[in-house]
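Chain and residue survey
Below, each chain spelled out in residue letters.
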Amino acid sequence: MRSASVEHPDRRRARPVDAGVAGVALVVVAAAALRPLLQHLLDRPAVAHWATVFVAIAVQAMPFLVLGVVISAAVAALVPAGFLPRILPRRPALAVPVAAAAGAALPGCECGSVPIAGRLVARGVLPAAALAFLLSAPAINPVVLVATAVAFPGRPEVVAARFLASLLTAIVVGLVWARAGRDELLERVYRRRSHEGPPLAVLAATAQHDLLHAGGFLIVGAATAATLQTVVPRDVLDAVAGAEPLAFVALAGLAVVMALCSEADAFVAASLTQFSLSARLAFMVVGPMVDVKLVALQAGTFGSGFALRFAPLTLVVALASSAVIGWWLL
C-alpha cells in the first residue's frame, strides 16, 4: 500500500497555470465553441464594430509585442546579469534621465517596451530607470516622431512638443518612483523563472514564455478598449471640444480608451481638428504611456498592485507635462 507521502508528489510539485497562457487558451476555446452564435451576432452593427476594433488593436499591437519579447529574451540570453546595472549611473538622479533618453534609440510600440522593462528590472537595473525607459521608448523613438511629422506637415513645433512632453513625463515619473515608489511591488519580476542552457535555447524558451504571458493580457486590454469604444458615443466628443479644460481631459481619456499604437496615434490626433493643438498633444503623450491594453500588460508583467499605482501617477504627470509644453510651444 502506498503511503500518503508517496501518493501525491506530483500534486505538491504542480505549478499554477500561467495567466497569459490561460487567457489565450480560453479565448481560442470560447471562439471555437461559440462560432455559430458569433456569426449571428456579427450581423449586428454594434457587435461588428466591437469585433473590428478588437481585431484592429490586437493585430496592430502584436508585431511590436513580438519585437519587444524577442529583445527581452535576447537580454536574458546574451547579456550577463551584472552588465546593465554597471553601465548606468548609480544615482537615480542621473540613471533616470539617461534611461529615458535611451528610449529614443528603440523603434517600437508600448506593447514591446513592457517586457523589455521587466527584463531590465530582473537583470538588476534600477527600477526607476527601467520604468522611465518603459515610458519613453514608445513615445520618443524615431518612428513615432517621423509619423508625427507626416501627420502634422509644416508643424515642427508639434513634433518638438511631443518629444519634450513625453521625455519630461518619463523623467518626472521615474524620479518620483525612485523617491516614493514601492519596489516591492515588482517582486513578480524578480521571481520570474530563468531558463538555463545554451544562449539560443534560453532565447527561444524565454521568448515563448513571455509571448504567451503578455499575449493573454494584450487580449484582455484589446477587448476592454473595444468595449469602451463601442459603448461611448462619438458625439460626446463634439460636445466637449469647445471647452478647453474639459477638451484637454476628454482627449486624454480618449487616448486611454482607444489604445492606439504609438506609431499610429498622430494620424488620429491630426484628424480631431475640432480640438486645440494642446488637447491633441495630451492625446499623443498620454496614449503611449497609459491606455487600457498597456495597463493590462503592466499588470501581467509587474503585478496589479504596481499597475494600480503606476498608471494614475503616469496619467497625472503626462497631463501636467502636456499642459506646460503645450502652453509654451503651441
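Treat the numbers as computed from the prediction; the structure is a model and nothing was measured. (Residues numbered from 1 in each chain as written. Predicted model: local features only at pLDDT ≥ 70, side-chain atom pairs only at ≥ 80, totals over all residues. Heavy atoms only, no water.)

Focus on helix H18 (residues 292-302)
- For H18, a buried count of 10 out of 11 residues is recorded, marking the element as mostly surrounded by other parts of the structure.
- Those residues of H18 that sit buried are Val-292, Lys-293, Leu-294, Ala-296, Leu-297, Gln-298, Ala-299, Gly-300, Thr-301 and Phe-302.
- Following H18 by one or two positions, Gly-303 has its phi on the positive side, about 120°. (Buried < 20%, exposed > 50% of the residue type's maximum accessible area, 1.4 Å probe, protein only. Helix = DSSP H or I, 4+ residues; strand = E, 2+ residues; numbered from the N terminus.)

Details of a nonpolar patch on the surface
- Among the surface-exposed residues, Met-62, Val-66, Val-70 and Leu-211 lie close enough to one another that they form a single nonpolar patch of about 260 Å² accessible area.
- At three residues, helix H5 (residues 45-78) tops the list of elements feeding residues into the nonpolar patch.
- Considering the arrangement of structural elements, one finds Val-66 in helix H5. (Patch = residues over 30% accessible without salt bridge, like charges linked within 9 Å, V, L, I, M, F, W, Y side chains within 5 Å. Areas by Shrake-Rupley, 256 points an atom, 1.4 Å probe, with all protein chains shown as cover. Salt bridge = Lys/Arg side-chain N within 4 Å of Asp/Glu carboxyl O.)

Considering the confidence of the model for the protein chain
- For the protein chain, the mean per-residue pLDDT works out to 77, and 71% of the residues sit at or above 70.
- Per-element averaging of pLDDT across the protein chain places helix H1 (residues 4-7) at the bottom with 45 and helix H11 (residues 156-180) at the top with 94. (pLDDT = per-residue confidence, 0-100.)

Comments concerning the packing of H18 against helix H19 (residues 304-329)
- Across the interface, H18 lies against H19 with an axial gap of 7 Å and an inter-helix angle of 140°. Classified by the angle their axes make, H18 and H19 are oblique. The handedness of the crossing between H18 and H19 comes out as right-handed. Side by side, H18 and H19 meet where Val-295, Gln-298, Ala-299 and Phe-302 of the first sit next to Ser-304, Phe-306, Ala-307, Phe-310 and Ala-311 of the second. (Axes fitted to C-alpha atoms, helices over the stretch in contact; angles between N-to-C directions. Parallel < 35°, antiparallel > 145°, perpendicular 65-115°, else oblique. Left-handed = near helix turned anticlockwise from the far one by under 90°. Contact = heavy atoms within 4.5 Å.)

Section: the nonpolar core
- Residues Leu-134, Phe-152, Phe-283, Val-286, Phe-302, Phe-306 and Phe-310 are the most contacted members of the largest nonpolar core, which totals 76 residues.
- It is helix H9 (residues 127-140) that contributes the most residues to this core, 11 residues altogether. (Core = buried A, V, L, I, M, F, W, Y, C linked by side-chain atoms within 4.5 Å.)

Focus on the packing of H9 against H11
- Relative to each other, H9 and H11 sit at 165°, their axes nearing to 8 Å. Our classification of the angle between H9 and H11 gives roughly antiparallel. Two packed elements cross with a definite hand, and for H9 against H11 that hand is right-handed. Each of Pro-127, Ala-128, Leu-131, Ala-132, Leu-135, Ser-136, Ala-139 and Ile-140 in H9 lies in contact with H11, whose residues at this interface are Arg-162, Phe-163, Ser-166, Leu-167, Ala-170, Val-173, Gly-174, Trp-177 and Ala-178.
- Looking at the contact of H9 with H11, its residues break down into 13 nonpolar, three polar and one charged. (Nonpolar A, V, L, I, M, F, W, Y, C, P; charged D, E, K, R; others polar.)

Here we look at the environment of Ala-128
- Its place among the elements puts Ala-128 in helix H9.
- Overall, the relative accessible area of 3% leaves Ala-128 in the buried class.

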